[in-house]
Amino acid sequence: MANKKLKVLILGGGFGGIKTALELAGRPEFHVTLLSDQSDFRYYPTLYHAATGGKMTASSIPLDEIFKDKGITILKATAKRLDRQAKAVKTATGQEVPYDKLVISLGVVTNYFGIKGLKEFSFGIKSQAESQKLRDHIHKLLIDEGKPDLNYVVIGGGPTGVELAGALPAYIRHVMKMHKLKPKKLNIELVEAAPRLMPRMGKDYSRALARRLRKLGIKLYLNQAVQAETADTLTVNGKPLQSHTVIWTAGVTNHPFFDDNKFEFGEHGKVQVDKYLQAEDDIFVIGDNASTEYSGMAQTALHDGKSVAQNLIRQAGGHRLKKYQPKKPIYVTPAGPRWAAMQWGPVHLYGWLGWVARSAGDFAGYHDYEPWRLAGKHWAAEYLNENNCPICAGSKA
Ligand SMILES: Cc1cc2nc3c(=O)[nH]c(=O)nc-3n(C[C@H](O)[C@H](O)[C@H](O)COP(=O)(O)OP(=O)(O)OC[C@H]3O[C@@H](n4cnc5c(N)ncnc54)[C@H](O)[C@@H]3O)c2cc1C
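If you're wondering where the values come from, they're calculated on a predicted model, not measured in any experiment.

Calculation notes
All residue numbers here refer to positions counted from 1 along the written sequence of the relevant chain. Thresholds applied to this predicted model are a pLDDT of at least 70 for local features of residues and 80 or more for the giving and counting of side-chain atom pairs; totals over whole chains, interfaces and linings are not thresholded and use all residues. Side-chain metrics in this entry use all non-hydrogen atoms of the structure; hydrogen atoms and water are not considered. Buried residues of nine kinds, namely Ala, Val, Leu, Ile, Met, Phe, Trp, Tyr and Cys, make up a nonpolar core once their side-chain atoms join them within 4.5 Å. Three exposure classes are used, based on accessible area relative to the maximum for each residue type with a 1.4 Å probe and protein chains only: buried under 20%, partly exposed in between, and exposed over 50%. Pairing between strands is defined by DSSP: at least two bridges between the two strands are required. Numbering of helices and strands runs from the N terminus; a helix is a DSSP stretch of H or I covering at least four residues, while a strand is a stretch of E covering at least two. The convention used is that axes are lines fitted to C-alpha atoms, helices contributing only their stretch in contact, and that angles between N-to-C directions extend from 0 to 180 degrees. The contact definition used throughout considers only heavy atoms, calling two residues in contact when any of these lie within 4.5 Å. Between Lys or Arg on one side and Asp or Glu on the other, a salt bridge is scored when a side-chain nitrogen of the former is within 4 Å of a carboxyl oxygen of the latter. Near is defined per residue: the residue qualifies when any heavy atom it owns lies within 4 Å of the molecule or strand. N or O atoms within 3.5 Å of each other form a polar contact, as long as, within protein, one can give a hydrogen and the other can take it, and as long as residues adjacent in sequence are counted only when both atoms are side-chain atoms. Here roughly perpendicular refers to angles of 65 to 115 degrees, roughly parallel to angles under 35, roughly antiparallel to angles over 145, and oblique to all remaining angles. We call a crossing left-handed when the near helix sits turned anticlockwise from the far one by less than a right angle, and right-handed when that turn is clockwise. Ten residue types, Ala, Val, Leu, Ile, Met, Phe, Trp, Tyr, Cys and Pro, are classed as nonpolar, four, Asp, Glu, Lys and Arg, as charged, and the remainder, Gly among them, as polar. Patch definition: residues with relative accessible area over 30% and no salt bridge; like charges joined within 9 Å; nonpolar side chains (Val, Leu, Ile, Met, Phe, Trp, Tyr) joined within 5 Å. Note on areas: these come from Shrake-Rupley sampling with a 1.4 Å probe, and a residue is covered only by the protein chains present in the view. Pairing of aromatic rings covers Phe, Tyr and Trp, the last counted by its six-membered ring, and requires centre-to-centre distances within 6.5 Å; plane angles under 30 degrees mean stacked, over 60 mean edge-to-face, and any other angle means tilted.

A few points about the nonpolar core
Line of reasoning, step 1. Counting 52 residues, the largest nonpolar core has Leu11, Ile18, Phe41, Phe67, Leu102, Ile104 and Phe263 as its most contacted members.
Line of reasoning, step 2. The next biggest cluster of nonpolar side chains, apart from the first, holds 41 residues, and it includes Tyr152, Met201, Ala341 and Trp355.

This is the structure we're talking about:
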């Protein structure tokens, strides 16, 4: 059976899963199947831009385009059950997909922490559909009976909340112009439970972002916990904030697949992995799902995917596995037009230079998955806007 190909099954067509598949593509010793519930790859770092009028194509790349001529089997399905004995994954439709080696990179899901009303009334930006819903709502509310509700609340002072809050003022003003409305004062608030923005970062980083957001006119409510939401009110530390536009960016939790299939958990509900990113024999868990030092970043998922693929190649060649080395990510957080905070080890940049670094980082990010030409196309789309509001699409700002 010397020519028998090793069946590698990858769950999840996001940062980690795609990188693993690309690293194994073209290797004669493997048959690789990428199983994902979406037919596109979501480039999350630009979703805040899509939610504020940017082109959706910058944050959605078809898997078929990434894997054209790569010899990878793409299966659109939802992974549900793991049959360890049979070495197979069962999908929501009952299909059984066998594996010799399983790599799991299913990402995280939104968590509302049981706060009353949030799931029902808040908006999110974790998918193109959610971003589109928010965009439509912003347009609709501005023209509502000539009495627009100009109160917007972003919950969460992490990167997504900061990026979104920073982009909102310019976007809402642009929409007002498109609808030929007189400029009015906006009230944009950001609520964060910790005493400072981006609490996982250094104090200088938090301070620079807070200064920048305040300069953009955003009110910061730090150290304040959200308690409940209704159709028009958010309760924060016992006080009501009136708004019909509350955007929840503050909570995620590990994918339910792991709890459903009885994995062992480490810190923050992430899956316990060994020094090779293995949760169990022949089952690797990577990216946001794994309990590793820098879990929760796209750069980590990419690095994990590459490390696991290299180990699979080593193992197939009869060599010993190499220990996983965590890689410190570069942190870049855009906040409003042409401004970003960047921290790369001891190097801190705030302002336009940070923005340039972020733009370069995005280009490199796309190129991780695509040849230069296609990466350039998606990167360029980051600088384009689109308007599919039926009322103002024809007008010129
Ligand atoms: C709005 C936003 C902005 C972000 N900005 C940045 C940033 O600027 N820089 C940075 O480094 N990180 C950023 N991140 C974090 C980064 O996107 C994640 O760390 C990264 O996506 C993790 O990769 P992953 O492969 O673990 O999961 P994902 O990329 O989430 O991939 C998971 C995949 O699994 C699929 N899937 C889910 N359930 C199933 C199922 N049951 N069956 C089959 N398939 C399934 C999903 O559709 C998806 O394709 C951001 C995240 C968000 C939400």
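A closer look at the sheet that holds strand S20 (residues 283-285)
Line of reasoning, step 1. Pairing is mixed across the open sheet formed by six strands, whose spatial order is S5-S2-S1-S9-S20-S19. In the strand order of this sheet, the two ends are held by strand S5 (73-76) and strand S19 (278-280), each with one partner. Going from strand to strand, the sheet's axes swing by 25° on average, the running direction of each strand aside.
Line of reasoning, step 2. Note: strand S1 (residues 6-11) against strand S2 (residues 30-36), six bridges, orientation parallel. Paired with Lys7 across the two strands is His31, which belongs to S2.
Line of reasoning, step 3. Taken strand by strand, helix H1 (residues 15-24) contacts S1, S2 and strand S9 (101-104), and its axis lies near 160° from that of S2.
Line of reasoning, step 4. With respect to the sheet, helix H9 (residues 298-316) is in contact with S1, S2, S9 and S20, its orientation differing from that of S9 by roughly 175°.

Digging into the pattern of salt bridges
Line of reasoning, step 1. By the definition in use, this model includes ten salt bridges.
Line of reasoning, step 2. Residue Arg84 pairs with Glu280 through a salt bridge whose shortest N-O separation is 2.8 Å. With Arg84 in the loop between strand S6 (79-83) and strand S7 (88-91) and Glu280 in strand S19, the pair connects residues that are 196 residues apart, well separated along the chain.
Line of reasoning, step 3. Sharing partners across several salt bridges, the network here consists of Lys19, Glu23 and Asp368.

Looking at the pairing of strand S22 (residues 340-344)
Line of reasoning, step 1. Judged by how many residues are buried, S22 sits mostly within the fold: four of five residues are covered.
Line of reasoning, step 2. Sheet topology places strand S21 (residues 331-334) next to S22; four bridges connect them, and they run antiparallel. Counted as the bridge partner of Tyr331 is Gln343 from S22.
Line of reasoning, step 3. Between the antiparallel neighbours S21 and S22 lie five residues, among them Gly336 with a positive phi of about 85°.
Line of reasoning, step 4. The pairing of S22 with strand S23 (residues 347-351) spans five bridges and is classified as antiparallel. Of the residues in S23, the one forming a bridge with Trp344 is Val347.
Line of reasoning, step 5. Connecting the antiparallel pair S22 and S23 is a turn made up of two residues, with Gly345 showing a positive phi of about 60°.

Structural notes on the site of the ligand
Line of reasoning, step 1. Looking at the ligand, there are 28 residues lining it, with Gly16, Asp37, Ser105, His255 and Asp288 nearest.
Line of reasoning, step 2. Asp288 places a polar side-chain atom, nitrogen or oxygen, 2.7 Å from an oxygen atom of the ligand.
Line of reasoning, step 3. Contacts to the ligand include Arg358, whose side-chain N or O atom sits 3.3 Å from an oxygen atom.
Line of reasoning, step 4. Looking at the shell around the ligand, the elements that each hand over two or more residues are H1, S2, helix H6 (159-178) and H9.

Some points on the packing of helix H10 (residues 352-367) against helix H11 (residues 372-381)
Line of reasoning, step 1. It is at 8 Å that the axes of H10 and H11 come closest, and there the two elements cross at 135°. Relative to H11, the element H10 is oriented oblique. Regarding H10 and H11, the two cross each other, and that crossing is right-handed. In this structure, H10 contributes Ser359, Asp362, Phe363, Tyr366 and His367 to the contact, and H11 contributes Trp372, Ala375, Gly376, His378 and Trp379.
Line of reasoning, step 2. Here the contact of H10 with H11 is composed, by residue class, of five nonpolar, four polar and one charged.

Quick look at the environment of Ala58
Line of reasoning, step 1. Here Ala58 is to be found in the loop between helix H2 (47-51) and strand S4 (60-62).
Line of reasoning, step 2. Here Ala58 falls in the buried class, since its relative accessible area comes to 1%.
Line of reasoning, step 3. For Ala58 and His139, which are 81 residues apart along the polypeptide, the C-alpha to C-alpha distance reads 21 Å.
Line of reasoning, step 4. The residues contacting Ala58, other than those within four sequence positions of it, are Tyr43, Thr46, Tyr366, His378, Ala381 and Glu382.

Structural notes on a nonpolar patch on the surface
Line of reasoning, step 1. On the surface, Trp352, Leu353 and Val356 cluster together into a nonpolar patch covering about 310 Å² of accessible area.
Line of reasoning, step 2. With respect to the helices and strands, the residue Leu353 is situated in helix H10.

Topic: the packing of aromatic side chains
Line of reasoning, step 1. Considering all chains together, one arrives at 14 aromatic pairs under this definition.
Line of reasoning, step 2. A ring pair is formed by Tyr112 and Trp248, whose centres lie 6.2 Å apart and whose planes are at 25°; its orientation type is stacked. Here Tyr112 is found in the loop between strand S10 (108-110) and helix H4 (118-121), whereas its partner Trp248 is found in strand S17 (residues 245-248), with 136 residues between them in sequence.
Line of reasoning, step 3. Judged by centre distance (6.4 Å) and plane angle (45°), the rings of Phe257 and Phe263 are tilted. The same class applies to Phe257 and to Phe263, which are both buried.
Line of reasoning, step 4. The structure contains a cluster of three or more aromatic residues connected by ring pairs, namely Phe15, Phe41, Tyr43, Tyr366 and Tyr369.

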